[in-house]
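As a plain string of letters, each chain reads:
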Amino acid sequence: MNLAEGVQIVSFALLAAMMLGAALGVVLLSNIVYSAFLLAGVFISISGIYILLNADFVAAAQVLIYVGAVNVLIIFAIMLVNKREDFAAVPRRWIRKGATALVGLGLFALLATMVLVTPWSIDSTSPAVVENTIVEIGKHFFSDFLLPFEIASVLLLMAMVGAIILARRDLIPESQEPATTPLTLPERPRELASVSNKSSEG
Amino acid sequence: MHLQLEYFLLLAAALFCIGIYGLITSRNAVRVLMCVELLLNAVNLNLMGFSNFLDPTGIKGQVFTIFVITVAAAEAAVGLAIVLAIYRNRETIDMEQFNLLKW
């Protein structure tokens with residue numbers, strides 16, 4: 001990284017503030033659509049931090065996969081299940097929230113103490129930065145990480161098939177009343193009822 | 001004043017704790033999945049920091065991060081499919097009512 005020290009510090013501080021603010025927004029905001037878009041902000045900030053860490057390929061992969069795929073998937077899921085429901089109040093819920101906040105703060109204190117106390121063995125002798133990270137990562141993928149690389153492709157295939165099977169609707173063949181409008185797929189009766197209600201209202 | 005390894009580790013720890021808090025307290029099932037993504041990103045940040053500061057020549061941490069991103073994408077797809085299936089069956093996405101296997 002050829003940036004000056006001050007530029008690095010300032011950009012790190014900006015990215016960290018953006019990331020923590022957006023992450024708190026993801027957790028605390030009540031509207032879940034805002035949470036989904038703030039999650040994209042978290043991912044983009046993390047990608048900027050990766051660039052500060054001399055990892056250009058992983059930063060690009062972070063933007064492509066997380067912002068481009070995972071976040072879009074989450075937004076589609078929100079649109080598919082977006083039912084404005086007021087959750088029934090659970091008694092003594094504030095105790096749970098307080099206990100969880102306490103546990104989170106305690107965990108952070110523990111981790112921070114560990115990070116600050118441990119003497120990390122960093123060799124300060126002019127770190128030889130890898131010039132072309134893509135070539136280096138490719139060498140790793142096709143030499144010593146070849147088996148995990150191949151297994152990852154099998155895992156992606158399994159995830160794709162599993163997601164399709166889990167999210168597929170159960171179609172029922174050729175049944176009950178033909179009173180519905182044409183061009184609608186035959187589905188389970190409950191969903192048919194809701195669809196016909198909506199079309200009659202609209 | 002350099003960028004130290006400790007800054008990145010502290011940032012990752014803070015992100016992880018925020019993710020834990022959201023994972024336990026949120027009641028919307030989709031928000032729980034988003035918090036899982038936050039946790040995985042915090043771990044990725046740790047790996048990248050160690051890769052840059054302790055192993056700058058053979059960047060194995062970046063390879064690990066790419067594997068974690070792959071598994072996270074698969075997890076998001078399957079998790080959202082499960083949320084859709086539960087929503088079709090139970091007509092709700094409230095985590096407090098997903099208690100069929102509770103006792």
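Residues numbered from 1 in each chain as written. Chains lettered and ligands numbered in written order. Predicted model: local features only at pLDDT ≥ 70, side-chain atom pairs only at ≥ 80, totals over all residues. Heavy atoms only, no water.

Quick look at the overall build of chain B
Right, on to step 1. Per the secondary structure count, chain B includes three helices and zero strands.
Right, on to step 2. In sequence order, the secondary structure elements of chain B are arranged as α-α-α.
Right, on to step 3. The globule rule puts the C-alpha radius of gyration for 103 residues at 13 Å, and the 17 Å found for chain B is more than 25% above it.
Right, on to step 4. Oriented by its inertia axes, the alpha-carbon framework of chain B measures out at about 55 × 25 × 20 Å. (Helix = DSSP H or I, 4+ residues; strand = E, 2+ residues; numbered from the N terminus. Rg over C-alpha atoms; globule rule 2.2 N^0.38 Å.)

Details of the overall build of chain A
Right, on to step 1. From N to C terminus, chain A includes seven helices and zero strands.
Right, on to step 2. From first element to last, N terminus to C terminus, chain A shows the α and β order α-α-α-α-α-α-α.
Right, on to step 3. When burial is assessed residue by residue, chain A has 28% of its 202 residues classed as buried.
Right, on to step 4. The contacts in chain A between residues at least 6 apart in sequence include a share of 44% that link residues at least 24 apart.
Right, on to step 5. Working note: accessible area of chain A is about 13000 Å², and carbon and sulfur atoms make up 71% of it. (Buried < 20%, exposed > 50% of the residue type's maximum accessible area, 1.4 Å probe, protein only. Contact = heavy atoms within 4.5 Å. Areas by Shrake-Rupley, 256 points an atom, 1.4 Å probe, with all protein chains shown as cover.)

A few points about the interface of chain A and chain B
Right, on to step 1. Opposite the 85 residues of chain A that make contact, chain B presents 72 residues.
Right, on to step 2. If you look at where chain A meets chain B, you find two salt bridges.
Right, on to step 3. For Arg96 of chain A, the salt bridge is made with Glu96 of chain B, and the minimal N-O distance between the two is 2.9 Å.
Right, on to step 4. When residues of the side of chain A that touches chain B are traced back to their parent elements, those giving at least two are α1 (5–28), α2 (32–52), α3 (56–80), α4 (93–117), α5 (133–142), α6 (146–167) and α7 (189–201) of chain A.
Right, on to step 5. When grouped by side-chain class, the residues that make up the side of chain A that touches chain B number 60 nonpolar, 11 polar and 14 charged. (Salt bridge = Lys/Arg side-chain N within 4 Å of Asp/Glu carboxyl O. Nonpolar A, V, L, I, M, F, W, Y, C, P; charged D, E, K, R; others polar.)

What about the packing of α2 of chain A against helix α2 (residues 29–54) of chain B?
A packed helix pair is summarised by two numbers, namely the angle formed by the two axes and the spacing between the axes.
Right, on to step 1. Their axes nearest at 11 Å, the elements α2 of chain A and α2 of chain B cross at an angle of 10 degrees. On the basis of their axis angle, the class for α2 of chain A and α2 of chain B is roughly parallel. For the pair α2 of chain A and α2 of chain B, the contacting residues are Ile32, Ser35, Ala36, Leu39, Val42, Phe43, Ile46, Ile49 and Tyr50 of chain A in the first and Val30, Arg31, Met34, Glu37, Leu38, Asn41, Asn44, Leu45 and Met48 of chain B in the second.
Right, on to step 2. For the contact of α2 of chain A with α2 of chain B, a count of residues per class yields 13 nonpolar, three polar and two charged. (Axes fitted to C-alpha atoms, helices over the stretch in contact; angles between N-to-C directions. Parallel < 35°, antiparallel > 145°, perpendicular 65-115°, else oblique.)

Details of the pattern of salt bridges
In a structure, side chains of opposite charge can pair up when their charged atoms sit close to one another.
Right, on to step 1. With the rule as written, the count across this model stands at three salt bridges over all chains.
Right, on to step 2. For the salt bridge of Asp94 of chain B with Arg27 of chain B, the shortest nitrogen-to-oxygen distance reads 2.8 Å. Of this pair, Asp94 of chain B sits in the segment after α3 (60–90) while Arg27 of chain B sits in the loop between α1 (5–25) and α2, placing them 67 residues apart in sequence. Each member of the pair Asp94 of chain B and Arg27 of chain B is classed as buried.
Right, on to step 3. Salt bridges here are not isolated pairs; linked through shared partners, they connect Arg93 and Arg96 of chain A together with Glu96 of chain B.

Overview of the nonpolar core
Right, on to step 1. Counting 63 residues, the largest nonpolar core has Met19, Val42, Ile49, Val58 and Ile74 of chain A together with Leu38 of chain B as its most contacted members.
Right, on to step 2. For this core, the secondary-structure elements that each account for two or more residues are α1, α2, α3 and α5 of chain A together with α1, α2 and α3 of chain B.
Right, on to step 3. Look past the residues within four positions of Val42 of chain A in its chain and what remains in contact with it is Met19, Ala22, Ala23 and Val26 of chain A together with Leu38 of chain B. (Core = buried A, V, L, I, M, F, W, Y, C linked by side-chain atoms within 4.5 Å.)

Digging into the packing of aromatic side chains
Right, on to step 1. Counting across every chain of the model gives 10 aromatic pairs over all chains.
Right, on to step 2. An angle of 65 degrees between the planes, with centres 4.8 Å apart, marks the rings of Phe12 of chain A and Phe8 of chain B as edge-to-face. Taken together, the positions of Phe12 of chain A in helix α1 and Phe8 of chain B in helix α1 put the pair across two chains. The pair Phe12 of chain A / Phe8 of chain B is uniform in exposure class, with both members buried. (Phe/Tyr/Trp six-rings, centres within 6.5 Å; stacked < 30°, edge-to-face > 60°.)

A few points about the confidence of the model for chain B
Right, on to step 1. Of all residues in chain B, 98% attain a pLDDT of 70 or more, and the chain-wide mean is 90.
Right, on to step 2. Within chain B, no element has a lower average pLDDT than α3 of chain B, which sits at 92, and none a higher one than α1 of chain B, at 94. (pLDDT = per-residue confidence, 0-100.)

Some thoughts on unusual backbone geometry
Right, on to step 1. One non-glycine residue, Asn54 of chain A, lies in positive phi territory at about 60 degrees.
Right, on to step 2. Within the fold, Asn54 of chain A resides in the loop between α2 and α3.

So, the packing of α3 of chain A against α5 of chain A
Residue and element names in this part refer to chain A.
Right, on to step 1. Closest axis-to-axis distance for the α3/α5 pair is 8 Å, and the angle between their directions is 85 degrees. In terms of orientation, α3 lies roughly perpendicular with respect to α5. Between α3 and α5, the contacting residues are Asp56, Phe57 and Val58 on the first element and Thr133, Ile134 and Ile137 on the second.
Right, on to step 2. Its residues assigned to classes, the contact of α3 with α5 shows four nonpolar, one polar and one charged.

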